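Listed here are the chains, written in short residue letters.
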Amino acid sequence: MDFDLSEEQQLLKDSVDGFLSDTYDFESRKKIAALPGGWSPEVWAKFAELGILGLPFAEEDGGFGGGAVETMLLAESFGKHLVLEPYLATVILGGGVLKRAGSAAQKAEHIAAIAEGSRTFALATTERHSRYDLFDVTTAAKKAGASFVLDGEKAVVVHGGSADRIIVSARTGGSRRDRGGIGLFMVPADAPGLSRRSSPTQDGTHAAEITLSGVRVDADGVLGDPEGGLPVLEAVADEAIAALCAEAVGAMSELTDLTVDYLKQRKQFGVPIGGFQALQHRAAEMFVALEQARSMAMFAAMTAATEDATERRALASAAKVQIGRSAKFIGQQGIQLHGGIGMTMEYKAGHYFKRLTMIDTLFGDADHHLAEVACYGQLVSAA
Amino acid sequence: MELRFTDEEIAFRKEVRAFIDAKLPKALREKLAAGHHPTRDDIVFWQKTLNDKGWGVAHWPVPYGGTGWDAVKQYIFLEEMMMAPSPPPLAFGTSMVGPVIYTFGSEAQKKRFLPRIASLDDWWCQGFSEPGAGSDLAGLKTKAEKVGDHWVINGQKTWTTLGQYADWIFVLARTDASVKKQEGISFILVDMKTPGITVKPIQTIDGGHEVNEVFFDDVKVPLENLVGQENKGWDYAKFLLGNERTGIARVGISKQRIRKIKEMAAIEQRGGRPLIEDQRFREKIAEVEIELKALEITQLRVIAGEKKREKGKPDPASSVLKIKGSELQQATTELLMEVIGPHSAPFAPEEPGSNEPPIGPEWAQTIAPTYFNVRKVSIYGGSNEIQKNIIAKAVLGL
Ligand SMILES: Cc1cc2nc3c(=O)[nH]c(=O)nc-3n(C[C@H](O)[C@H](O)[C@H](O)COP(=O)(O)OP(=O)(O)OC[C@H]3O[C@@H](n4cnc5c(N)ncnc54)[C@H](O)[C@@H]3O)c2cc1C
Ligand SMILES: Cc1cc2nc3c(=O)[nH]c(=O)nc-3n(C[C@H](O)[C@H](O)[C@H](O)COP(=O)(O)OP(=O)(O)OC[C@H]3O[C@@H](n4cnc5c(N)ncnc54)[C@H](O)[C@@H]3O)c2cc1C
């Protein structure tokens with residue numbers, strides 16, 4: 001049992017925290033959010049330079065061989081600074097599919113491009129009525145010789161508007177909610193027949209609606225078994241959940257600190273409001289919720305490599321439930337304890353609250369994952 | 001004990017509903033039901049429509065334009081409006097400053113202001129809170145000094161809701177700094193066009209603009225704009241804050257939102273089936289419905305007791321209604337978030353000029369902003385913590 005960071009892990013954490021503390025303050029972030037696409041190519045280039053874009057890839061694929069703990073450290077720092085860059089979309093999701101399902105040639109080309117910061121990705125799985133079920137796919141992939149032709153629509157694709165390549169889940173066989181017959185296809189954003197429309201989202205990132213009509217994907221764009229994409233997607237989703245949990249912990253810990261500082265400074269009735277026991281207890285509850293979340297984020301990172309897929313998924317679900325619960329409490333109370341000031345766009349607390357709210361809707365909300373745990377989970381094993 | 005409404009009350013509800021159906025434009029109704037904010041013109045239009053019917057200030061005493069309805073009818077009336085939904089009345093005029101003026105104001109003030117409140121020819125806003133005086137409202141610093149035949153006001157108000165449209169603001173100002181803080185405050189009516197007033201917008205986390213900062217820099221106000229007695233403003237303010245009893249729980253708004261939850265849950269899916277067929281989700285709605293029913297009955301008990309209540313005496317009921325009412329408003333917005341799931345993400349700026357609609361289903365656009373915005377209801381009007389303090393102290397004697 002060891003919850004301590006290795007020397008290299010500590011170094012990584014310090015360098016990323018240091019870079020973001022120096023450059024990614026609230027005002028800079030506001031400017032970045034206003035850029036087209038809502039993220040900064042300059043910051044992205046710096047990420048490449050720091051080596052973090054290639055972090056979770058094997059060395060033989062052109063990466064740095066980092067694992068889930070390294071990703072956790074990064075993501076937590078991103079959460080603290082409310083980083084808007086497409087790390088999740090490109091590295092964890094796009095890269096996650098490539099490293100699991102890509103051929104040697106695909107990996108050689110695309111993972112190298114991700115690591116050097118020259119190519120971004122998005123993963124298009126959600127559809128109008130799929131909610132959080134990755135296997136609920138109506139977008140069709142029809143075989144045409146060695147190629148496939150894609151038709152359908154994808155919804156709220158995170159960073160789908162700015163990505164250079166979009167990985168699409170599409171049905172090669174079976175019916176709407178079958179677990180089999182799902183393939184993963186890599187489509188250049190400018191492919192004929194692909195159109196996309198992007199909006200900013202509540203938390204300052206961007207998401208796109210993507211329409212595919214007769215989009216041709218040749219063999220070099222087919223990722224893995226065109227019938228058996230689901231297990232890949234589920235593994236990627238679990239890695240994403242672990243990263244999102246860590247990001248949420250970063251945001252929760254900052255929001256808790258911000259709130260506690262405010263309780264010490266803000267005076268009403270001639271005394272700091274932090275002297276009121278009702279508020280002391282609320283802040284203490286926020287702290288408890290934060291620590292529970294932190295533990296589950298660590299748990300998610302440390303169990304990400306679990307061999308048995310059913311078990312792995314249940315563990316990821318358990319973490320996402322805890323994160324969802326804690327994030328809601330800390331987000332809401334973070335606003336409440338600030339009073340009116342917490343309700344303003346000018347102040348940072350609301351931005352943490354909104355990001356935490358959106359994290360709950362990525363890869364399944366607390367309620368979705370609670371049902372998963374109830375169905376498959378064995379957190380306390382039978383005697 | 002009798003829970004049912006009388007035949008007369010049922011007939012009255014029908015009359016109100018028929019009036020709303022006839023007069024409230026369908027497009028406006030749909031816009032509000034979809035969670036969009038009413039514009040200034042929407043609010044003025046509806047107030048004038050009600051006022052033409054004689055219902056503009058239904059709860060006021062008859063001599064000032066009220067209807068003479070008892071508390072139950074008032075409640076039915078408000079509930080029908082919330083459930084329609086119609087644009088809400090501008091509470092700052094009809095529920096706040098209006099009653100203060102007819103209770104404590106001079107004859108001249110009553111003549112001058114009350115009819116224009118009823119017709120919404122004057123748009124009022126509330127100048128109570130300050131950066132340093134929120135929950136500790138009596139700690140306010142904005143100062144009014146008597147200079148010749150004028151008050152000269154200096155200071156800053158904040159969180160002034162819809163102040164950007166206001167013709168008038170009612171201000172709590174310090175007129176005596178040498179006494180206990182509650183005893184040196186006066187209640188003054190100020191024309192927003194007076195030189196020296198600056199209004200600055202505050203953007204809220206949902207992206208909307210409903211609150212403002214209002215700055216006073218040597219603002220000259222005629223002495224006759226003082227309401228009641230000098231240095232008695234705190235009494236009037238407490239009267240005002242405790243006054244809004246029948247509407248404070250917003251039961252109608254929560255009911256309307258529960259209807260919307262059910263409607264939308266029939267469209268959205270979970271597990272390939274309409275969400276509304278999901279047993280766990282149905283139970284979640286049921287939990288809120290039960291609490292809301294309890295609150296509604298509590299509300300009705302308060303209303304039924306209204307006749308016997310000593311006017312002006314503090315009553316714990318408003319705190320109970322405020323706490324539960326705000327919690328349930330928030331709970332319904334959370335359920336809507338769950339209904340729409342991942343499609344809550346796209347953000348539609350409210351500002352005009354952004355003509356590109358956001359991605360995703362149109363009706364989803366207001367859901368997350370409403371969830372964010374409604375966090376305010378447990379903060380303003382005496383936060384839920386302050387309300388609990390009131391219950392603990394004034395009711396439980398702790
Ligand atoms: C959207 C919005 C609209 C508003 N509209 C208006 C308006 O039109 N006019 C107007 O005058 N005001 C308005 N307000 C102001 C509102 O009434 C104040 O925000 C409110 O009184 C709280 O004050 P504050 O924001 O300064 O918070 P604070 O008083 O600083 O409170 C911060 C936190 O401390 C808690 N707290 C404070 N004192 C105690 C205590 N003794 N015990 C336990 N907890 C305590 C509070 O509950 C809160 O959680 C509005 C506010 C909002 C958010
Ligand atoms: C916007 C707004 C709306 C309101 N609406 C209503 C309403 O509808 N109905 C209603 O009855 N009241 C309402 N109130 C509350 C009411 O107006 C007063 O704020 C309240 O009665 C306290 O009065 P006070 O300023 O004399 O404060 P105080 O008597 O000085 O105390 C106010 C609060 O602060 C706490 N407090 C003060 N000093 C200390 C201290 N040193 N240590 C610990 N705790 C302390 C007290 O417990 C108490 O809860 C509202 C308040 C605000 C700000």
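Please read these numbers as outputs of a predicted model, since none were measured by experiment.

(A) Spotlight on the interface of chain B and chain A. Facing 53 residues of chain B, the contacting portion of chain A comprises 50 residues. Summing the contributions of chain B and of chain A, the shared interface buries around 4,300 Å²; its carbon and sulfur component is 54%. Of all residues in chain B, Ile205(B), Pro342(B) and Ile359(B) bury the most surface against chain A, accounting for 17% of the area lost on that side. Viewed at the interface, chain A and chain B are joined by six salt bridges. One salt bridge connects Arg128(A) with Glu268(B), and the closest N-O pair in it is separated by 2.5 Å. Taken together, the connections running from chain B to chain A amount to 33 residue pairs in polar contact (both at pLDDT 80 or more).

(B) Focus on the site of ligand 1. Close to ligand 1 lie 28 residues, the nearest being Arg266(A), Ser135(B), Trp159(B), Thr161(B) and Ser383(B). Residue neighbours of ligand 1 fall on chains A and B, so the site bridges chains. In this structure, Ser135(B) approaches ligand 1 through a side-chain N or O atom, which is 2.7 Å from an oxygen atom. Interatomic distance of 2.8 Å between a backbone N/O atom of Trp159(B) and a nitrogen atom of ligand 1. Listed by contribution, the elements that provide at least two residues to the shell around ligand 1 are helix 9 (309-338) of chain A together with helix 12 (384-395) of chain B. Per-element accounting of the shell around ligand 1 gives the leading share, three residues, to helix 12 of chain B.

(C) Just the site of ligand 2, in detail. Lining the immediate surroundings of ligand 2 are 15 residues, of which Phe276(A), Gln182(B), Leu241(B), Gly382(B) and Asn389(B) lie closest. At ligand 2, the nearby residues belong to more than one chain, namely chains A and B. One nitrogen or oxygen atom from the main chain of Leu241(B) is found 2.5 Å from an oxygen atom belonging to ligand 2. At 3.4 Å from a nitrogen atom of ligand 2 is found a main-chain nitrogen or oxygen belonging to Gly381(B). For ligand 2, whose free accessible area comes to 950 Å², the fraction covered by protein is 71%. When grouped by side-chain class, the residues that make up the shell around ligand 2 number seven nonpolar, seven polar and one charged.

(D) Focus on the pattern of salt bridges. Under the definition given, this model contains 54 salt bridges over all chains. Here Lys154(A) makes a salt bridge to Glu127(A), at a shortest N to O gap of 2.9 Å. On the criterion of sequence distance, the pair formed by Lys154(A) in strand 3 (residues 147-158) and Glu127(A) in the loop between strand 1 (121-124) and strand 2 (140-144) is long-range, its members being 27 residues apart. Each member of the pair, Lys154(A) as well as Glu127(A), is classed as buried. A cluster of three or more residues bridged by salt bridges with shared partners is formed by Arg13(B), Arg17(B), Glu79(B), Glu80(B), Lys255(B), Lys293(B) and Glu296(B).

Criteria and cut-off values
- Residue numbers run consecutively from 1 along every chain, following the written order of its sequence.
- By the order in which they are written, chains take letters starting at A while ligands take numbers starting at 1.
- In keeping with the model being predicted, local features are shown solely for residues with a pLDDT of at least 70 and side-chain atom pairs are shown and tallied solely at 80 or more, while totals for entire chains, interfaces and linings include all residues.
- With hydrogens and water excluded, all non-hydrogen atoms of the structure serve as input to the side-chain values.
- Throughout, a contact is declared for two residues whenever any of their heavy atoms are within 4.5 Å.
- Buried area is a sum: the accessible area each of two parts loses on coming together, probed at 1.4 Å, counted once for each and added.
- Counted as salt bridges are all cases of a side-chain nitrogen of Lys or Arg within 4 Å of a carboxyl oxygen of Asp or Glu.
- Whenever a nitrogen or oxygen atom comes within 3.5 Å of another N or O atom, the pair is scored as a polar contact, on the condition that within protein one atom can donate a hydrogen and the other can accept it, and that pairs from neighbouring residues in sequence are kept only if both atoms are in side chains.
- Residues are classed as near a molecule or strand on a simple rule: at least one heavy atom within 4 Å of it.
- Strands here mean DSSP runs of E at least two residues long; helices mean DSSP runs of H or I at least four residues long; both are numbered from the N terminus.
- Surface exposure here means Shrake-Rupley accessible area, sampled with a 1.4 Å probe, where a residue is shielded only by the protein chains that are shown.
- Charged means Asp, Glu, Lys or Arg here, nonpolar means Ala, Val, Leu, Ile, Met, Phe, Trp, Tyr, Cys or Pro, and polar covers whatever is left, Gly included.
- Note on classification: 1.4 Å probe, protein chains only; a residue is buried when its accessible area is under 20% of the maximum for its type, exposed when over 50%, partly exposed between these limits.

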